[in-house]
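Inside the fold
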Amino acid sequence: MIGFLRLIRNGRDLRHMPIALPDERQPEVRVVLHGLPVGALDVSSAHVPVSLRPFMIGLHVDPTVIGNTTPGMPLRLDIFDAKEAAVALASIHLSVTGRVSLSQGVLLLVETTGCHNRCVSPPIRWWRYLLAARHASRSAARGDRLRMSARDLRCLNAYYIVARPVFLVGVANDTSTNLFPMDLVGSLSSGEYLLTLRATSASIAVMEDSRRIAMSGAPAALHREVYALGKQHHMRSIEFASIPVAVRPSDLFGLPVLAQPGLVRELTVTDAHRIGSHVLFVCTVASEKGQTSRQLAHVSGMYGEWLARRARPVQSLA
């Protein structure tokens, strides 16, 4: 009873499961954009989160397909399971807020305005939403400086039906060196690579100054060590002798990357944009080598349950 009363008082966040992403990058989903003049548009490999407060998504599109799209125009993202695509697992409602020019095409910026998640039954979904709303209302008391709204948290959880791989990001300039985990990243068909980092991060200035970034694929086997490095978001530099993973200099830029074999991607920053609570870095890939087997990733807990009911469980690390 005490535990239940504590749950009612404090609420509970909507869970994003840590999983080991299989090498074939399953589970697969398909993301379809509705509301443009051209009709439905598959954007499965053309989206990236760009802000968490408010929750905003960037959609990589050709300028010709968005026509005279204006701020406030309503759009919708439908997310489908690749094997059972008859009904969308979730629908996220959007409002156009602007655009960012890229080397090829544009990044259409949209703010989430609501969602419908069909991964669990309505009673279970709304009970969790109620607890999440209570959890959000107490964010200030917990010392959560981001303070996402309950609506944005619901939309974010639906968006994480698309599994988000985790990377360790190494940065440095003349005075600071740092290494921290991120999953707000994405590659585009234009060849550009995008990273979205909270504007309060101490590493923003380092990245803007050096214009260089190195990324290591985070192995699922090191998920506890990777999460321990999360505190580095608030640190200006790092003491490598005290961290729980072995690192080495990257081949091209000499930035910190995991010493063990795996994916290493080195990036050159071409532009940076402050969008909502975050800074969006637009990069080009200068070097990419290796592959990380069973990479750590995050996926919506409700989608994980949906898969488990169909005897297709994800490899949960929780």
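Residues numbered from 1 in each chain as written. Predicted model: local features only at pLDDT ≥ 70, side-chain atom pairs only at ≥ 80, totals over all residues. Heavy atoms only, no water.

**Remarks on the packing of aromatic side chains**
Throughout the structure, instances matching the rule amount to four aromatic pairs. Both rings, one in Trp126 and one in Tyr129, keep their centres 5.1 Å apart while their planes meet at 90°; by these two values the pair is edge-to-face. On the criterion of helical spacing, the pair formed by Trp126 and Tyr129 is a turn pair, its members being three residues apart in helix H3 (residues 122–137). The class of Tyr129 is buried, set by a relative accessible area of 4%. Pairing Tyr159 with Tyr160 gives two aromatic rings, centres 6.5 Å apart and planes at 70°, and the pair type is edge-to-face. (Phe/Tyr/Trp six-rings, centres within 6.5 Å; stacked < 30°, edge-to-face > 60°. Helix = DSSP H or I, 4+ residues; strand = E, 2+ residues; numbered from the N terminus. Buried < 20%, exposed > 50% of the residue type's maximum accessible area, 1.4 Å probe, protein only.)

**Digging into the environment of Thr196**
With respect to the helices and strands, the residue Thr196 is situated in strand S13 (residues 192–198). Between the C-alpha atom of Thr196 and that of Ile238, which follows or precedes it by 42 residues, the distance is 21 Å. For Thr196, the side chain forms a polar contact with the main-chain oxygen of Pro49, separated by 2.6 Å. (Polar contact = N/O pair within 3.5 Å; in protein donor to acceptor, adjacent residues only side chain to side chain.)

**Here we look at the nonpolar core**
By size, the foremost hydrophobic cluster in this structure holds 51 residues, and its most contacted members are Leu59, Leu75, Leu77 and Tyr303. Not counting the four nearest positions on each side in its chain, Leu75 is found in contact with Leu33, His34, Gly35, Leu36, Ile92, His93, Leu94, Val96, Leu108 and Val110. Tyr193, Ile204, Leu263 and Val279 belong to the second-largest nonpolar core, a separate cluster that totals 20 residues. (Core = buried A, V, L, I, M, F, W, Y, C linked by side-chain atoms within 4.5 Å. Contact = heavy atoms within 4.5 Å.)

**Points about the packing of H3 against helix H5 (residues 150–159)**
Two elements in contact, H3 and H5, have axes whose closest approach is 9 Å; the angle formed by their N-to-C orientations is 130°. Judged by the inter-axis angle, H3 sits oblique to H5. Helix-helix and strand crossings are classified by hand; for H3 and H5 the assignment is right-handed. When H3 is examined against H5, the residues Tyr129, Ala132, Ala133 and Ala136 are found in contact with a partner set consisting of Ala150, Leu153 and Arg154. The residue makeup of the contact of H3 with H5, split by class, is six nonpolar, no polar and one charged. (Axes fitted to C-alpha atoms, helices over the stretch in contact; angles between N-to-C directions. Parallel < 35°, antiparallel > 145°, perpendicular 65-115°, else oblique. Left-handed = near helix turned anticlockwise from the far one by under 90°. Nonpolar A, V, L, I, M, F, W, Y, C, P; charged D, E, K, R; others polar.)

**Quick look at H3**
Across its 16 residues, H3 extends 22 Å between first and last C-alpha, which sits within 8% of the 22 Å expected from 1.5 Å per residue. For H3, every residue scored as buried is listed here: Arg125, Tyr129, Leu131, Ala132, His135 and Ala136. Viewed along the axis of H3, the buried residues span an arc of 165°, placing them on a single side of the element. Every exposed residue of H3 that faces more than 90 degrees away from the buried side is listed here: Pro123, Trp126 and Leu130. (Expected span 1.5 Å × (residues − 1). Arc of directions from axis to C-beta.)

**A short note on empty space enclosed by the protein**
Applying the stated rule across the entire model yields one cavity of 30 Å³ or more. The space that makes up the largest cavity amounts to roughly 40 Å³. Looking at the lining of the largest cavity residue by residue, the class counts come to five nonpolar, five polar and no charged. (1 Å grid on protein atoms, 1.4 Å probe; cavity = no way out; pocket = protein on both sides within 12 Å on 5 of 7 lines; lining within 4 Å. Points joined across faces, edges and corners; volume = space filled by probe spheres on them.)

**Side note on the sheet that holds strand S19 (residues 295–300)**
Spatially, the three strands line up as an open sheet ordered S1-S19-S9, and their pairing is antiparallel. Either end of the sheet is taken by a strand with one partner, and the two such strands are strand S1 (16–21) and strand S9 (164–165). By the bridge criterion, six bridges tie S1 to S19 in an arrangement that is antiparallel. Residue pairing for S19: Ile19 is matched across the bridge by Ala297. Across the sheet, helix H8 (residues 301–309) is in contact with S1 and S19; its angle to S19 comes to roughly 90°. (Pairing = 2+ DSSP bridges.)

**Thoughts on the sheet that holds strand S10 (residues 167–172)**
Pairing between the strands of a sheet is mediated by backbone hydrogen bonds and can be parallel or antiparallel. Pairing is antiparallel in the open sheet, where seven strands are placed in the order S11-S10-S14-S17-S18-S13-S12. Every interior strand has two partners, whereas the edge strands, strand S11 (177–182) and strand S12 (185–187), have only one. With strand direction ignored, the average angle separating the axes of adjacent strands in the sheet is 30°. By the bridge criterion, five bridges tie strand S14 (residues 212–217) to strand S17 (residues 264–275) in an arrangement that is antiparallel. Of the residues in S17, the one forming a bridge with Ser216 is Val264.

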